[in-house]
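Listed here are the chains, written in short residue letters.
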Amino acid sequence: MAGLMDGKKVMVFGVANERSIAWGISKVMHEQGARLGFNFAGETLEKRVRPLAESVDAELVVPCDVTDDDQVTEAFGRIRETWGGLDVLVHSLAFARREELMGRFSDTSREGFLKAMEVSTYSLVHLSREAAQLMPDGGSIVTMTYYGSEKVVENYNVMGVAKAGLEAAVRYLAADLGPQGIRVNAVSAGPIKTLAAAGGVKNFRGLLTLFEEKAPLRRNVTQEDAGHVALFLCSHMGAGVTGEVLHVDSGFNILGH
Ligand code: 1JT
């Protein structure tokens, strides 16, 4: 059967374990015939990423901490050596210090603010610039965001500001890279229990339960739900879509209460 991503070279940033949204996207891309590459940041993550990468016949597993310019340069050098070009960049990473995801947003420290922005927002700009150099015949870039960028969601705090910046960056990147045939979009997923969410967020279970009770579809969304929409955006089915933030949230964002 022909796949939507047959032979496409897809570089995925942000797999931490099998619960990662990046992994949900990767599995869906793999099923559709994509050739995959992954990054990891540090030895602990390397041990988790390598076996997952192997299970989808990844052709590339590269160290890349996005806060280190040299590592980013090195990683894209490896992508160029291995593939000569790139069709899709998946950006599915974020960071905020644990203490910033509780209490008052107004207590956010300068350091915490800058770190969240650097990892969660600037990294898209940097990776997109590098990726674009490997996409002379066009390509597609997709990133992940959350409703806390649009409305105040208790405890999301500095990540809400970082994601608002990320969504704006999606629009500016889409305008810059559009003439080169590169599309840039974001998927705004409902809350999903990942390593980041479970480890860093107070009462995340409560958030999932509330969501299940209130969202029009009365269910939580999965990594695969996010993956399917990322697939649509990155495949030829999304050819006319760029600069968009598409909600995959069981309809939660349409509610007025
Ligand atoms: C990060 C974390 C980014 C959790 C994230 C995130 N984007 C969405 N979530 C889940 C979430 C988190 C909170 C929330 C609602 C959803 C963890 C640290 C790394 C960056 O608050 C209501 C706090």
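Residues numbered from 1 in each chain as written. Predicted model: local features only at pLDDT ≥ 70, side-chain atom pairs only at ≥ 80, totals over all residues. Heavy atoms only, no water.

Engineer: Give me the nonpolar core: which residues, what numbers.
Structural biologist: Formed by 34 residues in total, the largest nonpolar core has its most connected members in Val10, Met29 and Phe38. For this core, the secondary-structure elements that each account for two or more residues are strand S1 (9-13), helix H1 (21-31), strand S2 (35-40), helix H2 (43-55), strand S4 (88-91), strand S5 (139-145), strand S6 (182-189) and helix H8 (223-234). Here Phe38 is in contact with Met11, Val12, Val15, Trp23, Ser26, Val49, Ala53, Val56, Ala58, Leu60, Val61 and Val62, once residues within four sequence places are set aside. Residues Val62, Ala131, Met135 and Ala174 belong to the second largest nonpolar core, which totals 31 residues. (Core = buried A, V, L, I, M, F, W, Y, C linked by side-chain atoms within 4.5 Å. Buried < 20%, exposed > 50% of the residue type's maximum accessible area, 1.4 Å probe, protein only. Helix = DSSP H or I, 4+ residues; strand = E, 2+ residues; numbered from the N terminus. Contact = heavy atoms within 4.5 Å.)

Engineer: Residue-level account of unusual backbone geometry, with values.
Structural biologist: Here the phi dihedral of Asn155 falls at roughly 80 degrees; this positive angle occurs in a residue that is not glycine. Within the fold, Asn155 resides in the loop between S5 and helix H5 (157-177). In this structure, Asn157 is a non-glycine residue whose phi angle is positive, near 45 degrees. Here Asn157 is to be found in helix H5. According to the relative accessible area criterion, Asn157 is buried, its value standing at 12%.

Engineer: Outline the side chain of Thr143, supporting the account with residue identities and numerical values.
Structural biologist: Its location among the elements puts Thr143 in strand S5. Here the side chain of Thr143 touches His91 through a polar contact of 2.8 Å, side chain to side chain. With near-sequence residues (within four places) excluded, Thr143 lies in contact with His91, Leu124, Leu166, Val170, Asn185, Ala186 and Val187. (Polar contact = N/O pair within 3.5 Å; in protein donor to acceptor, adjacent residues only side chain to side chain.)

Engineer: Tell me about the sheet that holds strand S3 (residues 60-63), and please be specific about residues and values.
Structural biologist: Spatial strand order, S3-S2-S1-S4-S5-S6-S7: 7 strands in an open sheet with parallel pairing. The two strands at the open ends of the sheet, each matched to only one other strand, are S3 and strand S7 (245-248). Going from strand to strand, the sheet's axes swing by 20 degrees on average, the running direction of each strand aside. In this structure, S2 lies alongside S3, joined through 4 bridges in parallel fashion. Following the sheet pairing, Gly37 is matched in S3 by Leu60. Here helix H4 (residues 110-133) sits on the sheet in contact with S1, S4, S5 and S6, set at roughly 170 degrees to S4. Relative to the sheet, H8 contacts S4, S5, S6 and S7, its axis offset from that of S6 by approximately 165 degrees. (Pairing = 2+ DSSP bridges. Axes fitted to C-alpha atoms, helices over the stretch in contact; angles between N-to-C directions.)

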